[in-house]
Structures are given as C-alpha cells and as structure tokens.
Amino acid sequence: MGTYPELDYFKWAKYMDIVSWDNYPSMDTPLSFTSMSHDLMRGLKSGQPFMLMEQTPSQQNWQAYNGLKRPGVMRLWSYQAVAHGADTVMFFQLRRSIGACEKYHGAVIEHVGHEHTRVFRECAELGKELQLLGDQVMNSRARNRVAIIFDWDNRWALELSSGPSVALNYVDEVHKYYDALYQLNIGTDIVSVDEDLTAYDVVIAPVMYMVKPGFAKRIEEFVGNGGTFVSTFFSGIVNENDLVTLGGYPGELRNVLGIWAEEIDALYPGQSNHIRMTEEVGSLHGSYSCGILCDIIHAEHAEVLAEYGDDFYRGTPVLTRNHYGQGKAYYVASSPEQAFLQGLLEQLCTEQGIQPLLHTPSGVEVSERVKGDKSYLFILNHNEDERSFDIGATPNRELLTGRFISNEVHLAGRDVLILERSSFV
Amino acid sequence: MGTYPELDYFKWAKYMDIVSWDNYPSMDTPLSFTSMSHDLMRGLKSGQPFMLMEQTPSQQNWQAYNGLKRPGVMRLWSYQAVAHGADTVMFFQLRRSIGACEKYHGAVIEHVGHEHTRVFRECAELGKELQLLGDQVMNSRARNRVAIIFDWDNRWALELSSGPSVALNYVDEVHKYYDALYQLNIGTDIVSVDEDLTAYDVVIAPVMYMVKPGFAKRIEEFVGNGGTFVSTFFSGIVNENDLVTLGGYPGELRNVLGIWAEEIDALYPGQSNHIRMTEEVGSLHGSYSCGILCDIIHAEHAEVLAEYGDDFYRGTPVLTRNHYGQGKAYYVASSPEQAFLQGLLEQLCTEQGIQPLLHTPSGVEVSERVKGDKSYLFILNHNEDERSFDIGATPNRELLTGRFISNEVHLAGRDVLILERSSFV
Amino acid sequence: MGTYPELDYFKWAKYMDIVSWDNYPSMDTPLSFTSMSHDLMRGLKSGQPFMLMEQTPSQQNWQAYNGLKRPGVMRLWSYQAVAHGADTVMFFQLRRSIGACEKYHGAVIEHVGHEHTRVFRECAELGKELQLLGDQVMNSRARNRVAIIFDWDNRWALELSSGPSVALNYVDEVHKYYDALYQLNIGTDIVSVDEDLTAYDVVIAPVMYMVKPGFAKRIEEFVGNGGTFVSTFFSGIVNENDLVTLGGYPGELRNVLGIWAEEIDALYPGQSNHIRMTEEVGSLHGSYSCGILCDIIHAEHAEVLAEYGDDFYRGTPVLTRNHYGQGKAYYVASSPEQAFLQGLLEQLCTEQGIQPLLHTPSGVEVSERVKGDKSYLFILNHNEDERSFDIGATPNRELLTGRFISNEVHLAGRDVLILERSSFV
C-alpha cells in the first residue's frame, strides 16, 4: 500500500512472487505522490511489473470526505498505474455491500443493482479499451537512470527519535526529490538501500539518517565509477542499530561527500533560511528559501556552490559538490523549496546526459515502459481541460486509437495517449 | 436534555408520565436551537406540556467559558421555555454548594448567603410574575401544522456509518429546516417517526437515511391525502437494520418522491455547488449555494424546480416536486444555505395556507399556545435593544401587564409580551 | 524545575539543604518567565543561592522544535541564572550519548568527539570567565522589597476546579505581574504563602483563590504596618480544603481589601472589557483592556480608582484601593493588559520609595545581588544588537573586564556587564 508506515515491503517482497497493491489517494494526495507510490511498488522487486489489485471505481468510504471520482478520472488513474509498471488493473469491488462498515465504498455495480450507471459505463469502457490494447505493453519495463533510495528502517529510526524537529517527515523529503523529477518528466526508480546501483547515473538518498553496513562503500564505488550522488541534511548519523557514528556527521558518508556537519539547527514554525547561490549550477541563480533543518557544515574536500543567506551561519555552505573518482557527490544541507530542487536535478541529469522524456505543460505526466525494441510513452493529461504540446516530427502509433500522430498534439482533459516508438531513440 | 445523543427519548417517553428537561445552552448555541430543543421535548409525548426542571439562574460551571446570564436573560429564556410548552420553570439550584465539582454553578442564593444580589432579585421578580400569570396558559397546547421528523435510530445509523462525509451532522441538518421556519415565525412540532401525521399539512424529514417498516406507506398516505412532504439528500438508504435497500436510492421513498439518486457526492472542505432555480418557487430565484453532500438524481415522475450550477453534474436536478395523489413531495438533493430554505418553506407553507404568527424584526421570536377559545402569543425580544413591530388593529390583552395593546408595539431589549387573543383568528 | 506543576517545591525545600534546578526554556518562553523561574527557585529557601544544575550548551531534543542556542546565548542565560541567585552553572551534559532517547540532546562535547566546535569553545570561554570572576558574587543575596506570592496548593485547587474559565491559568497570571516589574527593572522575590513578609513593602498575591488559615491575618498585619498589598479577581474564594468561604467573596480578604465581589463573569474568546481610570494613579489614564474573568464588585470601604467600561457592569469598580492601618490594599478585579500593570506597579513602588535599579532599553535586563557593602548589578542585553544606556556618573568596576565605567554605556548584543557598586547607594 505505497508508503504504508507499518511494514518494510522491501523485506517482505523477497519472499513474494508478485507485488500487488491498493491505490486509494486522499483528497489532498499530490499526483506525483501516487506516481511515486507506483514506482515504489515496482521497485520492491527491482522493476518487475506489479498488479493494481484494488482501486475504487469512484468513491471511497473511510476517508473524512469521500468525493466521487470525476468522469474520466478512474480511467486516467488506471493508466497512471499501467504507465508506472502495472500489468493488471482491478477494482474493489464488483458490488456494493448492503451492510457493515464498507457499504458506502464504491463498486462497479452500485446499490441500484443494474448496469445503467455512469460508474458501470466507465468501467465497461475501460475494460473494452484494455482488451483492445491486449498484451502490447505487458511485461515491459522502465529504464530509468535516476534512482531515489527509500528505506523503512531509516524512516522508523527517524520517526522514533526524540528530536530534532517534529516538522521532519521522511516520506515528504523523499517526495520532494521525486516530485522535482516528476515535474521534469524524468523517470525515477524508487529502490531499496540494498539495490544494485550500477544501472544508474544519478542516485539520491534524502535524509539518509541511518547508514547500514556496506552502504557507504557502495556509494563510494558508485561515485568513483562516475555516478552522481545526492544526499541531504541529517544524513549519516546512526548505524543500523540507531547508534550514532562518532567522529562527525555525516559519518561513513563524510568521505564521499567531503563535508563535516558540525551542528544541526531546527527551525521554528514560520522560520526559514535562504540558499544563496555562489556558483552557477544550471539555471539556479539568486536565492531560494529552505527550512525544517539546517546543517551547519564545513566543506572539507567539497566545493561550495551555495551558502546560507541568514542567521548566525549566514555565509556557511548549504550546497556542496565533491569530486570523487570519476563522479560527483552533492550535499543539500537543508530542505529547499521545489524550484531549487527542480533546477538542481535538471542540471545534475543534464550533466549525466539524461533528458526529459518530453516537454509538456503542467499537469501532463509522461512516463515510459520499454519492451525489446519498442518504447511505450504514456502521456496523461491530469488537467480538466485540453493541453497542447509537441511530440516531435516522427509519426508514432498511438495504441488506444491506432492512429499515427506527430508534431503538435491536442490532448483532451483527463485523456491519455500511449505512443509506440523505437526504444533506440 | 434536548438532542442528547445517547438516549432515544421517544422510546423512553412512552413509559414516563411527565417529560422534564435541563436547558443549558452553550455560548454558541443558536436561539432557534434552544427553541427546537423545547419543541423536541414537547414532541416526546405528542404535545403534552413539559417541565423545565433545570436551568441556571446565571452561570454554569462545566462549560469551557461560563459567562453570566446578562440581566433579563434568565427571565427571557424562562419564557422561551413556557412559550414552547413548559408549564413549570425551575432552577438548579437554590444554594451554591461550598464544595465539589459544581461549586461554581450558579444558584438562586449565591455563596454570600443573602438575598441582596442581582441574581436573587431576578429570580424573585420572575416568581412574582409567574404567580401573577397564574394558570392562564397552563395546559395550553401548540397547534402547529408543520412537523419535522427527528429519529434517534436514524441519527445513530448515520453517525456510526463510515462515510460519506464527516461534515454531515444529522442534528445540524434538522436544525437548518427548523431555523428557517423559526425565522419565519411559523410554529413547528418536532415529532417521532411514528407520530400520527394527519394533523399536519407539511412534514419535513431531513436526511431520512433510515426508513423503518411502514414509514414510506404512511408518507404516501399523508401526501396522497393532500399533504406536503419534504425530504433531502441521503434519504431512503437503509432499513431499520442499517442494511441498504437495493434497487436505487431513496429506496422506499422513491415512489412518493418520484426521483432516483444515482450517486452521492461528498464535497471537500471549502467546496460548494449551486442551486440554480429553473422554475418559480415563491420568492426563490437566481442561485443559492449548497454543499456537504450532493445527490446526483434523475427526475422520474417529479418536476425539476432547480438544477446544480457547477461540476460535472451541472444541469442535473437539485430540487424536485412530485405530484402524488392530492399532495406534493419535494426532494432537496443537497444541503442549501438558509436563504434558500426560508424561501422554499415560506412558499410550501403559503401553498398550504399556513401564515407566520406575526411579522417581527430579526431576533424577535414568536410562538403560540392555545387553550379552548384562547390563543396566547409569546413575543420574545432576544435583542439587547428595543424593537418595534405591528401586532394588528385588534386590541389584545397582554398578560404580564394586563394592558390592552394594538398596532405598533415597542418591545424593550430582552423583554417579553404574552398576548391573549381569540383562538379562532 | 521552575513552575513544574506536579510538585509543591516549597514543601519539598524544607527538607533539602540545597536547591538545584534544570533550566530548559521552550522556543516561546518569555525571558521574564525564565527570570521568574530563577527567582522562584531562589525563593524556595527564602533567598538562599541555588545551583543551575542543568542547562543545555546549545540544543534540546525533547521539544517539538529544537533550535540551537545562538552564539552568546548560552553565556547570557548562564549569567541570567547567576544574576538571579545561582552560585553554580552546570550543563547537561559533557558528551552526547550515542543512543537512546536523548542522543540528540546537546553536550559540551559533540558527537564529533573533539573540542574544535563552536559549542565547546563557548563553554570553555565561559569557564575561563567564571574562574576569573572567582567567588566575588558567591553567596551574595537579593534585597528586593517587592514579593509575589506563589502557592502550589492554590494552583492545584484552581486547575482542578470545574469552571469558571479554561482561559484562567494561575502561572500566567503570576507571570503578568512579575513581567510588569521585570520590565521596570524592579527586583522581585517569589515567595511562599508562609513567607515572613516583614522585609517587603509591596506584596502581590495574584488570583489568591485559596486562603489558608492565618494568611488573611498576616496580610492585615502587613498592610496595617504600612505595606502595600495587591490582590486580584477570583481571590479569597476557598479555604485550605477547597471549600468555599461563605459570606461573600473575597472571603477572609474582604476586610483588608474593603470590597465585596458579588459575581464573577467569564469572558468568551475574543471578548474583552475595559478599565476606565476615574482617579489618577501614577501614569495611568484613559482606558485599558482587560479580560478572562471580571469580578463584579462593590466598594465597601475601598475607594474606586477605575471602573469597567463595557457591558451591563459598566461603571462598576474594577480597581480599588483600601486604606487599612498604615498601608493600602489594592484589588484588580480583572486580568489587565500589561501596560496597565506596569503603570500600576510603577506607581505602587514609587509610593513605597522603590525605584528601578536602572533605566534601560527594552530587552536589557537588570538585577542585583548584594554582599556586605558591595552591590553587584547584572546587566544583560538579550537583544541581538547593541543597546546604549546611562549607568550614572559614578565610575563602577565591571567585574568581567576589570574596567571602570560610567555614564553612557554601549552594550553589545547578547553581552553582559556586572557592575560592582557600594551597597549603600
């Protein structure tokens, strides 16, 4: 169930054949959070396609406010699952129950008992469409070159600690980095702390508070071989038993990051600091707000790219880059606003030759699955209204309609395109 | 104790000889809520006068903020009880206790121990006045032609359900309809779901979620014989065992209401829809906001009087009228703003020949008790300052002063009039 | 631990040789609250110097937001403890632990394990400075002529009562009076209800709800002998067993205060009343807001100095003065804004010949310790930036630098001066 707090799904997944999950976004769940959850489920078995076992055809019942899924949203969100690795789209439930605590949970067949309802029609139409789509995209895989590390042990250690700030939420910090890449249309894998990193060019470990045995060495190898590593404030503090690694934060990561964090300031509600760029890093310039925690760091081997703009540690480093072997290790010493993270990650990807899948307007999500010599590009317009964008001059077959399209495309509100392209592009 | 959540007073009342209750409004209790509570207590035994067993002479102690009753308020609220059916006005308590958890609860005799206090004086003056009033209004009855149904089983089923919205509060929805009639100076009975409805011309069943055996049939008879019935969104969903009645909402009420509710949308905080009038209904015109839940309905036999103004169900019906036998059944598919409910209920009453008891400025409450050929009109000025209004050209005796008054009356802030009139007017 | 709610430290202190305490201000603890806490600890053994056993060198860990102490703040707050009677300044803890719930609590030696940190340096510098200071100020005493009574039994009785208002907080009311004197640079002792009052000229007993046996008699003697007594709303209500003293509030204090409180109004959130001056009392004039509780009082023997400006008790007394023997007893019938309390207490002190220790800008705290013929004036600049003020023409030795200074002084942000003067000034 996505970032469910109670279970370490990575541990569990080792003993399972198939990953399935239940996708129930709340009224305030960001679209990118749902995509991140799909990617996390895909990552549980290192990219193997998963099942979307449960979603509601329209309404939930256990949320505080259980709004209907607007027309087209169930279809759109079903394709969002497929786009991120689902080979199966299922519902809870076929019929609404007449009693007990879930009697208001949506179903393909409403309490009225017949098929002449909006919800039934939308389910039936999706079924027809998936039948038409056949097995074309089934068993295809992502081929992302960016990975974000997610670790339940790290999360539990963080959340069960007393201090330094109740405003620090591990999943939120992971999501901030994911969202920046999502907005850039750069596909991301969410991987375990034990994942083989050789396939990746950029690896991000937000708030890597707990560093388990061997992890730092593997990061050093990854960076040494040319990879780009990003870590943040409050990293490298404890070992696998939640005991502090003495000798200066970020502990075992200090070598590859080239910095020492002397103090960790917790900001009060309403307080913020600023990231003032001192070097040119892609499009980043001027100043960006940051908060929650501010590591006060010393650049040991690292270069300083930006410094704090306020408070007694004004002028000390907040963004550093350490050249290590063939690669680079970045440290982001506070929790920045999203504009900063987008600019930073865009530049880091560019340096590694990673380009957006497509340039689309806000709310138009793009992701890719690949099978053999075919690439399937899923384009989802989450906006209520039409959006237009350019898909390039080469005509691509669109799987849901069979038409060949190219150049400027007008995609209706909540509509979906699946473009078939050569995977060698 | 009014709308106390834990006990079904209607069930209890069958085994009691006399209904008594304790009236302790909070700092944010609307005046009309207190009146509704009195009317509910009167309704427990089908209109029999009740006892106001407890009220504080001035201060409570268990509220978060225990303000004093301002001068005149204790008297005013005592008459409010009488106006709604109390034949007895009592206090908790004679003397303030010196210890334990209620030692700050107000009393006729304060801790000072003598009678030279504002509170004692007000109690003594009220006593004298009630003595003067004698038994003139005792055992008189209301003669309201409008009834609102209140059902504890319905409330419990609603509140114990998971979904569709935490914003839905049964008592609040009942109060909205009551308040609209209260502002119109139209007397209302609050009755049980088993009450004999033949005496009424208008029966309102807000959020009649649970429809018990025989209820729908009695409503069909009531409407068939010329009555006006009003029900709302989220009605006719379950039977007496909280099991959904399959075949389409509003279940057993579908026949008399002439509509089918296909879906029930729950609005998010801050969200609203609009009621756009498509037919003339009394003074209602233009558009009114609505929210909490929005039934998406199909008019089967009913006429559409208004439609939703927003969202994907814009243009679908939100207010319908079904001619059934000699009467009419209305369905209000969402929770509207008060201006809409006042306009609607004023028109429905007008159609049944029900007129306001009097036209008074805001905050001047009017209700009636009748005994034999005498009608007693209670006029309560809840405002701090004087209000003026016209009581008609016929001179009426005012019971508290013995004076005969007519035409324009100036009623001091927090003052009370009791007009004696012929009950045949 | 300051105003810790669970233990009556006055009772405990009788059996202890030395008072020590742990000073952990929260992010929203007013500076004057910390000073009051020190003074309370000093008062536990009637002025005997205490130990500051625990403070953090920089960071706490169990607060919601654990910000760093800014440079200079640890030193400044250490001297604040000394200024109010500490003869010892200690830390929790020497080394940060590597595990368990306090592993993020600050320490002299950080997790890095060496001494090259800001925090270590600040601790070491303070140590050197205290060594230099030697025993000069040790075992010196305050010599305040103003006392505020603090009583845990009173607090518990108030807090465990049901009513009249959740907005009433005993410690806050005590702090309001303390803060007014703090802003005036008038030193205050916080004393038990059993303390010998003969050394004081002004005694303040905020919300003296519980009056224990003998207390009223001692206050009568104190006032009779020329003292100034101040009490407030909701005083003199119960005896030592939390049983109400019948016969009119403020019970046993009624004689010395010369008033009767007939009613006690609790104001609703957002509500306030006004104190309208009717007599000249020092600089007080015009009108001041007040709230929480409003006693409605009758001046029996007392003069009326101010009356309520609003509500039905407008024009009734809110500030009274009773001449009793050689002294005066004031009653403040509501909880006023701070400007009123400063004006009132300044005048009451002036009448008793009590002058501010020094006139300083806002945020510059002054307090005094005396030993033999020497007075030590502690001047603490809690502001981030420099402040200037005049210390008089007589040159005084400054203990931390050994320099003699006089006239206008420029004190850097967060810096401290300790002036040695003759105690006979």
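Residue positions are given per chain, counting from 1 as you read along its sequence in written order. Lettering for chains starts from A, numbering for ligands starts from 1, and both go in the order in which the items are written. With the structure being a predicted model, the display of local features is reserved for residues of pLDDT at least 70 and the display and counting of side-chain atom pairs for 80 or more, all residues being used for whole-chain, interface and lining totals. Note: side-chain values were computed over all heavy atoms of the structure, leaving out hydrogens and water.

An unreviewed UniProt entry annotates chain A as beta-galactosidase of Paenibacillus pini JCM 16418. UniProt positions are given in the numbering used here, feature names are shortened, and annotations may be inferred rather than shown by experiment. In the Sequence similarities (unreviewed entry) part of its UniProt record, chain A is described as follows: "Belongs to the glycosyl hydrolase 42 family." If you open the UniProt record of chain A and go to Catalytic activity (unreviewed entry), you find "Hydrolysis of terminal non-reducing beta-D-galactose residues in beta-D-galactosides."

Participant: Can you walk me through helix H6 (residues 170-183) of chain C in this structure?
Facilitator: Helical geometry note: an α-helix holds 3.6 residues per turn, so side chains three or four residues apart project in the same direction. All names here are of chain C. With 14 residues, H6 should reach 20 Å at 1.5 Å per residue; the first-to-last C-alpha distance of 20 Å fits that figure. Each residue is assigned to one of three classes by its accessible area relative to the maximum for its type, calculated with a 1.4 Å probe on protein chains only: buried under 20%, partly exposed between the two thresholds, exposed over 50%. Here a strand is any run of E in DSSP of at least two residues, a helix any run of H or I of at least four, and the numbering for each starts at the N terminus. Counted residue by residue, H6 has eleven buried out of 14 residues, so it is predominantly covered. Within H6, the full set of buried residues consists of Tyr170, Val171, Glu173, Val174, His175, Tyr177, Tyr178, Asp179, Ala180, Leu181 and Tyr182. Two N or O atoms form a polar contact when they lie within 3.5 Å of each other; inside protein one atom must be a possible hydrogen donor and the other a possible acceptor, and for residues adjacent in sequence the pair counts only when both atoms belong to side chains. Residue Asn169 occupies the N-cap position of H6, its side-chain oxygen lying 3.0 Å from the main-chain nitrogen of Val171. In this scheme, a helix's expected span is set at 1.5 Å multiplied by one less than its residue total.

Participant: Looking at this structure, how should I read the interface of chain B and chain A?
Facilitator: Size of an interface: often given as the accessible area lost when the parts come together. The contact definition used throughout considers only heavy atoms, calling two residues in contact when any of these lie within 4.5 Å. At the junction of the two partners, chain B supplies 33 residues and chain A supplies 27 residues. Buried area: the accessible area, evaluated with a 1.4 Å probe, that two parts lose upon being put together, summed over both parts. Together, the buried faces of chain B and chain A total about 2,300 Å²; carbon and sulfur atoms form 58% of this surface. Considering only the surface of chain B that becomes buried against chain A, Ser162, Tyr268 and Phe312 of chain B emerge as the three largest contributors, covering 22% of it. Salt bridges are defined by distance alone: a side-chain nitrogen of Lys or Arg within 4 Å of a carboxyl oxygen of Asp or Glu. Counting across the chain B and chain A interface gives four salt bridges.

Participant: What is the right way to read the relation of the copies chain B and chain A from this model?
Facilitator: Between the two chain copies there is a screw-like relation: a rotation about an axis and a shift along it. For the least-squares superposition of copies, only C-alpha atoms count, and only for residues with pLDDT at least 70 in both. Mapping chain B onto chain A is achieved by rotating through 120° and translating by 0.0 Å along the same axis, at an RMSD of 0.1 Å. On the angle and the small slide along the axis, the relation comes out as a three-fold axis.

Participant: Help me understand the environment of Val409 of chain C in this model?
Facilitator: Residue and element names in this part refer to chain C. Position of Val409 relative to the elements: it lies in strand E20 (residues 408-411). Taking the relative accessible area as the measure of exposure, Val409 reaches 7% and is therefore buried. Separated by 27 residues in the primary sequence, Val409 and His382 have C-alpha atoms spaced 15 Å apart.

Participant: Help me out: how do you make sense of the interface of chain B and chain C in this one?
Facilitator: In this complex, chain B contributes 27 residues to the contact, which on the side of chain C involves 33 residues. Carbon and sulfur atoms supply 58% of the area that chain B and chain C bury against each other, a total of about 2,300 Å² over both sides. Here Lys103 of chain B and Asp242 of chain C are joined by a salt bridge, their closest N and O atoms 3.1 Å apart. At the surface where chain B touches chain C, the tally comes to 15 residue pairs in polar contact (both at pLDDT 80 or more).

Participant: Looking at this model, I keep getting lost on the side chain of Asp179 of chain C. Mind explaining?
Facilitator: Residues and elements named next belong to chain C. Residue position: Asp179 is located in helix H6. Only 3.1 Å separates the side chain of Asp179 from the side chain of Gln338, close enough to count as a polar contact. Other than its neighbours up to four places away in sequence, Asp179 contacts Ser32 and Gln338.

Participant: Even after reading the chapter, I still don't get the sheet that holds strand E18 (residues 396-398) of chain C, so can you show me in this structure?
Facilitator: Remark on secondary structure: sheet strands pair via backbone hydrogen bonds, oriented parallel or antiparallel. Note on pairing: DSSP must find at least two bridges between two strands before they are called paired. The sheet built from five strands is open, its strands ordered E15-E16-E21-E18-E19 (chain C) with antiparallel pairing. Of all the strands in the sheet, the pair left with one neighbour each is strand E15 (364-371) and strand E19 (404-405) of chain C.

Participant: Would you mind going over the UniProt feature "domain: Beta-galactosidase trimerisation" (unreviewed entry) in chain A with me for this structure?
Facilitator: Those places that UniProt annotates as "domain: Beta-galactosidase trimerisation" (unreviewed entry) correspond, in this numbering, to residues 145-354 of chain A. With 24% helix and 31% strand, residues 145-354 of chain A has its two end C-alpha atoms placed 7 Å apart.

Participant: Would you explain the packing of aromatic side chains in this entry?
Facilitator: In this description, an aromatic ring pair is defined by two values, namely the gap between the centres and the angle between the planes. For Phe, Tyr and Trp, rings pair up if their centres lie within 6.5 Å, where Trp contributes its six-membered ring, and each pair is then called stacked (planes under 30 degrees apart), edge-to-face (over 60) or tilted (otherwise). Tallied over the entire structure, the rule returns 42 aromatic pairs over all chains. Ring centres of Phe150 of chain C and Trp152 of chain C lie 4.8 Å apart, and the angle between their planes is 75°; on these two criteria the pair is classed as edge-to-face. Relative accessible area serves as the criterion here: at 1%, Phe150 of chain C is assigned to the buried category. Here a set of aromatic residues connected by ring pairs shows up, and it is made of Tyr4, Tyr9, Phe10, Trp12, Phe150, Trp152 and Tyr170 of chain A. By the criterion adopted, a ring carries a charge over it if an Arg CZ or a Lys NZ lies within 6 Å of its centre and within 35 degrees of its normal. The side chain of Lys103 of chain A reaches across the aromatic face of Tyr104 of chain A, ending 5.1 Å from its centre.

Participant: Before we go on, may I ask you to explain the confidence of the model for chain A in this structure?
Facilitator: The predictor reports its confidence for every residue as pLDDT, a score running from 0 up to 100. Here chain A shows a mean pLDDT of 97. Residues at 70 or above account for 100%. Across the interface, the model reports ipTM at 0.95; the global pTM reads 0.96.

Participant: Can you help me understand the environment of Leu377 of chain C in this one?
Facilitator: Residues and elements named next belong to chain C. Its location among the elements puts Leu377 in strand E16 (residues 374-381). Once the C-alpha coordinates of Leu377 and Leu160 are considered, the two residues, 217 residues apart in sequence, prove to be 41 Å apart. Setting aside residues no more than four positions away along its own chain, Leu377 makes contact with Leu357, Leu358, Val366, Ser367, Glu368, Leu417, Ile418, Leu419 and Arg421.

Participant: For this particular structure, what's the right way to read the sheet that holds strand E2 (residues 50-54) of chain B?
Facilitator: Residue and element names in this part refer to chain B. An order of E1-E2-E3 is seen for the three strands of this open sheet, with the pairing classed as parallel. The open sheet has two edge strands with one neighbour each: strand E1 (20-22) and strand E3 (86-89). Between one strand axis and the next, the sheet turns through 30° on average, direction left out of account. Sheet topology note: the E2/E3 ladder contains three bridges and is parallel. Note that in E3 the partner of Leu52 across the bridge is Val89. The angle between two axes is taken between their N-to-C directions and runs from 0 to 180 degrees, where each axis is a line fitted to C-alpha atoms and a helix contributes only its stretch in contact.

Participant: Just checking my understanding: could you explain the UniProt feature "domain: Glycoside hydrolase family 42 N-terminal" (unreviewed entry) in chain A for this structure?
Facilitator: When the UniProt feature table is mapped onto this chain numbering, "domain: Glycoside hydrolase family 42 N-terminal" (unreviewed entry) sits at residues 4-131 of chain A. Annotated as 34% helix and 9% strand, the span residues 4-131 of chain A places its first and last C-alpha atoms 32 Å apart.

Participant: Before we go on, may I ask you to explain the domain arrangement of chain A in this structure?
Facilitator: Residues and elements named next belong to chain A. An automatic or database domain assignment is the source of the domain bounds shown. Partitioning chain A into domains gives domain 1 (9-133), domain 2 (146-351) and domain 3 (364-422). Between the C-alpha centres of domain 1 and domain 2 the distance comes to 34 Å. Facing 17 residues of domain 1, the contacting portion of domain 2 comprises 15 residues. Of the roughly 1,300 Å² buried where domain 1 meets domain 2, counting both sides, 62% is carbon and sulfur surface. The largest per-residue losses of area from domain 1 upon contact with domain 2 belong to Phe10, Ser32 and Met36, which jointly make up 41% of the total buried on that side. Where domain 1 touches domain 2, the interface holds two salt bridges. Across the salt bridge formed by Asp189 and Arg42, the nearest N and O atoms sit 2.7 Å from each other. Counting every contact that joins domain 1 to domain 2 gives eight residue pairs in polar contact (both at pLDDT 80 or more). Going through the elements one at a time, helix H1 (9-13) and helix H2 (31-44) are the ones with two or more residues in the side of domain 1 that touches domain 2. Of the residues forming the side of domain 1 that touches domain 2, the biggest block, ten residues, is contributed by H2. Partitioning the side of domain 1 that touches domain 2 into residue classes produces eight nonpolar, six polar and three charged. Any residue outside Ala, Val, Leu, Ile, Met, Phe, Trp, Tyr, Cys, Pro, Asp, Glu, Lys and Arg is labelled polar, Gly included; the first ten of those are nonpolar and the last four are charged.

Participant: How should the environment of Ile237 of chain C be read in this particular structure?
Facilitator: With respect to the helices, strands and loops of the structure, Ile237 of chain C is situated in the loop between strand E7 (228-232) and helix H8 (254-257). Separated by 25 residues in the primary sequence, Ile237 of chain C and Lys212 of chain C place their C-alpha atoms 11 Å from one another. If near-sequence neighbours (up to four positions away) are discounted, Ile237 of chain C is found in contact with Tyr104 of chain B together with Tyr209, Leu243, Val244, Thr245, Tyr249 and Ile264 of chain C.

Participant: Is there a simple way to explain the packing of helix H3 (residues 73-83) of chain C against helix H4 (residues 118-133) of chain C in this structure?
Facilitator: Two numbers describe a pair of packed helices, the interaxial angle and the distance between the axes. Residues and elements named next belong to chain C. Two numbers describe how H3 lies on H4: the axes approach to 9 Å, and their chain directions differ by 35°. In terms of crossing hand, the pair formed by H3 and H4 is right-handed. Across from Met74, Arg75, Ser78 and Tyr79 in H3, the residues of H4 making contact are Glu122, Cys123, Leu126, Glu129, Leu130 and Leu133. The residue makeup of the contact of H3 with H4, split by class, is six nonpolar, one polar and three charged. The crossing is said to be left-handed when, going from far helix to near helix, the turn is anticlockwise and less than a right angle, and right-handed when the turn is clockwise.

Participant: So what exactly am I meant to see when it comes to the pattern of salt bridges here?
Facilitator: Proximity of charged atoms lets side chains of opposite charge pair with each other. Tallying each qualifying case throughout the model produces 75 salt bridges over all chains. Arg118 of chain A is paired through a salt bridge with Glu263 of chain B; the nearest N and O atoms lie 2.8 Å apart. A residue pair is termed interchain when its members come from two chains, as with Arg118 of chain A in helix H4 (residues 118-133) and Glu263 of chain B in strand E8 (residues 259-266). Across the pair, exposure class does not vary: Arg118 of chain A and Glu263 of chain B are buried alike. Among the ionic contacts, a cluster of salt bridges with common partners joins Asp8, Lys11, Asp151, Asp153 and Lys212 of chain A.

Participant: Looking at this structure, how should I read unusual backbone geometry?
Facilitator: A negative phi angle is the norm for most residues apart from glycine, just as the trans form is the norm for most peptide bonds. In the segment running from Phe92 of chain B into Gln93 of chain B, the intervening peptide bond is cis, with an omega of 25°. As for its position among the elements, Gln93 of chain B is in the loop between E3 and helix H4 (118-133). A cis geometry characterises the amide bond from Gly163 of chain B onward to Pro164 of chain B, with omega recorded as -5°. With respect to the helices and strands, Pro164 of chain B occurs in the loop between helix H5 (152-160) and helix H6 (170-183). With a phi angle near 60°, Arg414 of chain C is a residue other than glycine that sits in the positive phi range.

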